[in-house]
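A closer look at the structure
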Amino acid sequence: LIGMPLSDGKLVRPADEPVDAPIVYDWASISMEALEQRTELQQQRLLVKRREMELLAAKNFLLPTLDFITIYRLRGLDQSLAGSNSAFEELGTADYQEYEASLEWKMPVGYRQGHAAVKNAEIQIRRDKAILREQERQILHDLTAAVAESERALTQMNTNLNRYLAASDALNVLEANRTAGFPISLEQLLDAQRRVSESQSKYHLAAAEYSVAVKNVQYEKGTLLQSNLLVLVDETP
């Protein structure tokens with residue numbers, strides 16, 4: 001993704017520490033934010049708006065048409081087309097002029113084309129609205145799952161942190177007793193160190209999972225770029 005070799009022996013990690021603060025989400029606000037910010041919903045709403053405009057245009061076929069028609073023209077009358085005393089010469093004199101005005105009324109019998117167009121437009125609107133409702137339902141479902149995963153990851157992180165602190169306290173007690181001269185077996189000390197190492201590793205894994213879960217909530221809300229202060233700018237000329 002960043003153009004670096006896959007096996008150059010370097011460790012690439014984020015500069016920021018994982019998120020460890022508890023985040024409480026207000027469901028009413030984040031659900032509204034997701035329905036407003038997700039790009040696929042915005043595109044589908046524009047498509048529904050387009051279908052509504054098509055329906056409005058299709059209803060025009062159910063109306064009769066009344067046209068006002070005007071014609072103005074010059075005539076060139078003669079037996080020959082060109083030359084002396086020809087039709088072209090008469091046309092240049094503008095002696096023969098015509099003007100016509102009329103009204104034309106059209107009303108198709110049965111309006112079959114109009115009814116078919118309106119019916120098709122209504123079907124398209126119902127279809128696109130159903131797609132929009134399904135997209136909204138799926139987004140809210142995914143957002144609910146993301147929030148639940150965030151709460152689970154936070155609980156798991158706190159549990160592993162408590163285990164790590166408890167294991168560290170137990171190790172400190174053993175080392176203090178050993179320093180004081182109390183008989184402490186090597187197996188007890190190694191087991192305490194093992195528990196500290198395992199609990200510390202699990203805590204960091206849980207912290208990473210919680211950061212990913214928080215990121216997923218931002219993604220489901222459609223605010224992932226905003227939360228990272230990123231803006232997309234179209235510079236196409």
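Throughout what follows, the structure given in this document is the object of discussion. On a predicted model such as this, the values are computed, not experimentally measured, just so you know.

Quick look at the packing of aromatic side chains
Taken as a whole and assessed by the stated rule, the structure comprises zero aromatic pairs. The ring of Tyr219 is capped by Arg38, whose NZ or CZ atom sits 5.6 Å from the centre of that ring.

What to know about the nonpolar core
With 21 residues, the main nonpolar core has Tyr25, Leu143, Val147, Met157, Tyr210 and Val217 as its most contacted residues. At eight residues, the largest contribution of residues to this core is made by helix H4 (residues 112-180). With residues near it in sequence (within four places) discarded, Val217 still touches Tyr25, Leu143, Ala146, Val147 and Ser150. Of all hydrophobic cores here, the second largest spans six residues; its members include Ala167, Leu171, Leu189 and Ala192.

Regarding the environment of Ala82
If you trace the backbone, Ala82 turns up in the loop between strand E1 (65-75) and helix H3 (87-93). Expressed as a C-alpha distance, the spacing of Ala82 and Ala58, which sit 24 residues apart in the sequence, is 50 Å.

Digging into helix H1 (residues 27-37)
Three or more residues of H1 are buried, namely Ile30, Ser31, Ala34 and Leu35. One side of H1 carries all its buried residues, which in axial view fall inside an arc of 135 degrees. Buried residues along H1 sit in contact with helix H2 (39-58), H4 and helix H5 (186-221).

A look at a nonpolar patch on the surface
A contiguous nonpolar surface patch, about 680 Å² in accessible area, is contributed by Tyr72, Leu74, Leu81, Phe88, Leu91 and Tyr99. Taken together, the elements giving at least two residues each to the nonpolar patch come down to E1 and H3. Topologically, Leu91 is positioned in helix H3. Judged by relative accessible area, which is 33%, Leu91 ranks as partly exposed.

Reading the values: rules and limits
- Residues numbered from 1 in each chain as written.
- Predicted model: local features only at pLDDT ≥ 70, side-chain atom pairs only at ≥ 80, totals over all residues.
- Heavy atoms only, no water.
- Phe/Tyr/Trp six-rings, centres within 6.5 Å; stacked < 30°, edge-to-face > 60°.
- Lys NZ or Arg CZ within 6 Å of the ring centre and 35° of its normal.
- Core = buried A, V, L, I, M, F, W, Y, C linked by side-chain atoms within 4.5 Å.
- Buried < 20%, exposed > 50% of the residue type's maximum accessible area, 1.4 Å probe, protein only.
- Helix = DSSP H or I, 4+ residues; strand = E, 2+ residues; numbered from the N terminus.
- Contact = heavy atoms within 4.5 Å.
- Arc of directions from axis to C-beta.
- Patch = residues over 30% accessible without salt bridge, like charges linked within 9 Å, V, L, I, M, F, W, Y side chains within 5 Å.
- Areas by Shrake-Rupley, 256 points an atom, 1.4 Å probe, with all protein chains shown as cover.
- Salt bridge = Lys/Arg side-chain N within 4 Å of Asp/Glu carboxyl O.

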